[in-house]
Amino acid sequence: GTESKVSVGVLNIRLEMYPQLNKTLSPEITNTQFALERQKTAEKERLFLVYAKQWWREYLQIRPTHNVRLVKIFAQDENGVNRPVCSYIRPLRAGRLLDTPRQAARFVSVLGYERAPVIGGGGGKQEQWCTLLAFLCRNKGDCEDHANLLCSLLLGFGLEAFVCVGTKAKGVPHTWVMTCGTDGTITFWESLTGHRYIHRPVNPDDPPLVEQPKPLYPYRTIGCLFNHQKFLGNCQPSDAVEVCVFDLHDESKWKPMSGEAIKSVCSPGTTSSVPPFPPLCASAIDAAVTSNEVELQLRILVSEHRKDLGLSTVWDDHLSYLLSPALAAYELERTTSISAGNEEFQDADGHTFKGFPIHFVYRNARRAFATCLRSPFCEDIICCRGDQVRLAVRVRVFTYPESACAVWIMFACKYRSVL
């Protein structure tokens, strides 16, 4: 970001080659080769910039109002380098770490969300995209970073995926992912939540009595969409998502960039400034151990909180264990969108039961507890008073690649009903 040019230290690397070479190249030869490669890359980037300017001029000639549409051809990375947006995407296979596209969407959604930091006033949105490697190293990023990673993973699963650039409510700039099904179905994927929405366009020419589909997605306008091989500008009369037709082969609706021009600067191996992307790393977190640790810390925090209120705390280990299926069902629903019933749960036996589930993407028990206390319903359970009050807390950590995790916590209490 703003500190990309500030040194954080010196890293000394020593490289030795075995078997040792009996003939080494002179520094003049290697320096000349590096200079030639840099020159070649710079020339390709210059030609692409010339082409992009020409494309933009043609796009504005279609309709003057196009100049206010969110058409983003270049984006600045974490090192302050302007790069074509298509270079942020590359098909990414997750090996055996992610089994389905929906699981990939869940993984991306539990990576932390953080807007690019802004130094100084102005209140505007800081424009900074992260390369895939930088995003995963930080384990958090803005909506553009999430969308780029999700699009790359969906491409790896063989889907026709694109990143969409547009706005959501109140004109706030936003990016999300779109996939085109083989039957023409258009699906929007919200990378920050993992939610999916089917797009059914509204026909503005239909008579008023014809019932139109009500959009469930939060997106309002769309200016362009892109992946690692294509870039398309929206040139339909309206950029409202609900009336957009996603026939990407119709050049009267979507103005394409030259595939050859994109390939010259975005295909792997063309630009030396883009680091090659390694495969995803398996999680180093032990789910069972971490779940137990967070649960124990929460028990201590609850006991201390109740002690400050002059209340004793009796834990019901059996009830805590019975909460496990509910937490597993919540995560299953987030991953597959299939709601699992909880008809196996039965433990009331003449007691009043209250439960409160909550979801986090971090493992800090104290921070989670402070957040839970802000919910009146949860505070009601933690501070429960009554006859034969028994408290329970269950923590279930679900691990994902790159040390990402979904943490489900459920607080519960049961007490003797006196009425």
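Residues numbered from 1 in each chain as written. Predicted model: local features only at pLDDT ≥ 70, side-chain atom pairs only at ≥ 80, totals over all residues. Heavy atoms only, no water.

Which entries qualify depends on this criterion: UniProt positions are given in the numbering used here, feature names are shortened, and annotations may be inferred rather than shown by experiment.
As recorded in an unreviewed UniProt entry, the chain goes by Centrosomal protein of 76 kDa and comes from Fulmarus glacialis. Per UniProt, the chain has the following entry under Sequence similarities (unreviewed entry): "Belongs to the CEP76 family." Reading the Subcellular location (unreviewed entry) entry of the UniProt record for the chain gives the comment "Cytoplasm, Cytoskeleton, Microtubule organizing center, Centrosome, Centriole".

Thoughts on a nonpolar patch on the surface
This is how it is decided: Surface patches are defined over residues having more than 30% relative accessible area and no salt bridge, joining like charges when they lie within 9 Å and nonpolar side chains (Val, Leu, Ile, Met, Phe, Trp, Tyr) when within 5 Å. Exposure was quantified through the Shrake-Rupley algorithm and a 1.4 Å probe, taking into account, for residues, occlusion by the shown protein chains and nothing else. Whenever a carboxyl oxygen of Asp or Glu lies within 4 Å of a side-chain nitrogen of Lys or Arg, that contact is scored as a salt bridge. Numbering of helices and strands starts at the N terminus; helices are DSSP runs of H or I of at least 4 residues and strands are runs of E of at least 2.
The grouping of Leu-15, Met-17 and Leu-21 at the surface amounts to a nonpolar patch, some 370 Å² of accessible area in total. With respect to the element layout, Met-17 can be found in the segment before α1 (27-62).

Examining the pairing of strand β9 (residues 219-226)
What counts here: Partly exposed residues are those whose accessible area sits between 20% and 50% of the maximum for their type, while under 20% is buried and over 50% is exposed, using a 1.4 Å probe and protein chains only. For two strands to be treated as a pair, DSSP must find at least two bridges joining them.
In terms of burial, β9 is a largely internal element, six of the eight residues being buried. Sheet topology note: the strand β5 (residues 160-168)/β9 ladder contains six bridges and is antiparallel. In the sheet register, Gly-166 faces β9, and the bridge partner there is Ile-222. In the sheet, β9 pairs with strand β10 (residues 231-234) via three bridges, with the strands oriented antiparallel. Bridge assignment links Cys-224 to a residue of β10, and that residue is Gly-233.

Comments concerning helix α5 (residues 259-266)
Rule in force here: This arc corresponds to the set of directions leading from the helix axis out to the C-beta atoms. Residues are treated as being in contact if the distance between any of their heavy atoms lies within 4.5 Å. We call two N or O atoms a polar contact when they sit within 3.5 Å, provided that within protein one can donate a hydrogen and the other can accept it, with sequence-adjacent residues counted only if both atoms are side-chain atoms.
Buried within α5 are the following residues: Ala-261, Ile-262, Val-265 and Cys-266. Summarising the axial view, the buried residues of α5 lie within an arc of 105°, below the 170-degree limit, and thus occupy one face. Facing away from the buried side of α5 by more than 90 degrees, the exposed set consists of Glu-260 and Lys-263. Each element contacted by the buried residues of α5 is listed here: α1, β2 (82-84) and β10. Backbone nitrogen of Glu-260 and a side-chain oxygen of the N-cap are separated by 3.2 Å at the start of α5; the cap is Ser-258.

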